[in-house]
Amino acid sequence: MSDSTAPTLLFVIGPAAVGKMTVGGAIAERTGFKLFHNHLTIEPLLRLFPYESPQFQRLNHGFREQIFAEAAASDLPGLVFTLVWDFDDPADAALVERYAAPFRDRGSRVLFLELSADQGVRLQRNAGESRLAEKASKRDLQWSDANLTGMDARYRLNSVDDFAHIPEAHLLIDNTHLEPDEVAVRAIEYFGLGAVSPASG
């Protein structure tokens, strides 16, 4: 049974540069949720340790799990978290469930907004000003573009029927031709997130 007073956890998922952070920010502006995009832990740690190192992986996931636990126990209306999910890797699914566990334990709603967009559009977005401002590790665009196309080739970054058992908790939007605000409004209405304030002009 869900607890109507518990914070909601909204995962915004999808391939690289699909617009997860921007859409998540637009949702946060309208709902009072807090945006926790995945690079908030990645970028500081990359100054100390390589991404694939055991130290980076331990600290990255450890910090996130602590933040999720604190947010789930708080009086926040909700938390928006962005991530890239390889649906063919059981370890990714297990990680998502670890992140969600404190919210589920409190009876919170755990929701999934999934974005998809054409690769060409995502390559354009990969050089976006707000993306590069928040994600220093993406500023080498030659490397970042190659990383994007390589991930597309190696991993299944959009679901097929993975959420068929929880249709009420999952919304897939192709945002190739949509503005972030349009996507945010659709998600808020679909999930009934109850906007508490308009987006700032």
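A brief structural summary. (Residues numbered from 1 in each chain as written. Predicted model: local features only at pLDDT ≥ 70, side-chain atom pairs only at ≥ 80, totals over all residues. Heavy atoms only, no water.)

## Some points on the overall build of the protein chain
In terms of regular secondary structure, the protein chain is built from 8 helices and 5 strands. The helix and strand sequence of the protein chain, counted from the amino end, reads β-α-β-α-α-β-α-β-α-α-α-β-α. Per-residue burial for the protein chain yields a buried fraction of 46% across its 201 residues. Expressed as a percentage of contacts within the protein chain between residues at least 6 apart in sequence, the contacts between residues at least 24 apart total 76%. Surface exposure of the protein chain reaches about 10200 Å², of which carbon and sulfur atoms provide 54%. (Helix = DSSP H or I, 4+ residues; strand = E, 2+ residues; numbered from the N terminus. Buried < 20%, exposed > 50% of the residue type's maximum accessible area, 1.4 Å probe, protein only. Contact = heavy atoms within 4.5 Å. Areas by Shrake-Rupley, 256 points an atom, 1.4 Å probe, with all protein chains shown as cover.)

## Let's talk about a nonpolar patch on the surface
A contiguous nonpolar surface patch, about 220 Å² in accessible area, is contributed by Leu59, Phe63 and Ile67. Locating leucine 59 in the fold gives a position in helix 3 (residues 54-72). Owing to a relative accessible area of 30%, leucine 59 belongs among the partly exposed residues under this scheme. (Patch = residues over 30% accessible without salt bridge, like charges linked within 9 Å, V, L, I, M, F, W, Y side chains within 5 Å. Salt bridge = Lys/Arg side-chain N within 4 Å of Asp/Glu carboxyl O.)

## Considering the pattern of salt bridges
Taken as a whole and assessed by the stated rule, the structure comprises 6 salt bridges. Salt-bridge contacts for arginine 98 lead to glutamate 65; the nearest nitrogen and oxygen are separated by 3.1 Å. Placement of arginine 98 in helix 4 (residues 90-105) and of glutamate 65 in helix 3 is noted, with a sequence separation of 33 residues between them. Its relative accessible area of 40% is what places arginine 98 among the partly exposed residues. Residue class for glutamate 65 comes out partly exposed when judged on its relative accessible area of 28%. The salt bridge partner of arginine 156 is aspartate 88, with a shortest N-O separation of 2.9 Å. Taken together, the residues span a long stretch of sequence, with arginine 156 in the loop between helix 7 (141-154) and strand 5 (170-174) and aspartate 88 in the loop between strand 3 (78-83) and helix 4 at a distance of 68 residues.

## Considering the pairing of strand 4 (residues 110-116)
Here strand 4 lies mainly inside the structure; 7 of its 7 residues are buried. Of the two faces of strand 4, both are covered, the one formed by Val110, Phe112, Glu114 and Ser116 as well as the one formed by Leu111, Leu113 and Leu115. Pairing of strand 1 (residues 8-13) with strand 4, which is carried by 5 bridges, proceeds in the parallel orientation. Within strand 4, the position partnered with phenylalanine 11 by the bridge is phenylalanine 112. The pairing of strand 4 with strand 5 spans 5 bridges and is classified as parallel. If you follow leucine 115 over to strand 5, its bridge partner there is isoleucine 173. (Pairing = 2+ DSSP bridges.)

## Considerations on the packing of aromatic side chains
How two aromatic rings sit relative to each other is set out by the distance from centre to centre and by the angle between their planes. Inspection of the entire model under this criterion finds 15 aromatic pairs. With a centroid separation of 5.6 Å and an interplanar angle of 55 degrees, the aromatic rings of phenylalanine 36 and phenylalanine 68 are classed as tilted. Of this pair, phenylalanine 36 sits in strand 2 (residues 34-36) while phenylalanine 68 is found in helix 3, placing the two residues 32 residues apart along the sequence. Under the relative-accessibility criterion, phenylalanine 36 is labelled buried at 5%. For phenylalanine 68, a relative accessible area of 0% puts it in the buried group. (Phe/Tyr/Trp six-rings, centres within 6.5 Å; stacked < 30°, edge-to-face > 60°.)

## Structural notes on helix 8 (residues 180-191)
With 12 residues, helix 8 extends 17 Å from end C-alpha to end C-alpha; this agrees with the ideal 16 Å at 1.5 Å per step. Taken together, the buried positions of helix 8 are Val183, Ala184, Ala187, Ile188 and Phe191. Here the buried residues of helix 8 occupy an arc of 130 degrees about the axis, which is enough to place them on one side. Where helix 8 is buried, its residues touch strand 1, helix 1 (20-31), strand 4 and strand 5. After helix 8 finishes, the residue glycine 192 shows a positive phi value of roughly 65 degrees. (Expected span 1.5 Å × (residues − 1). Arc of directions from axis to C-beta.)

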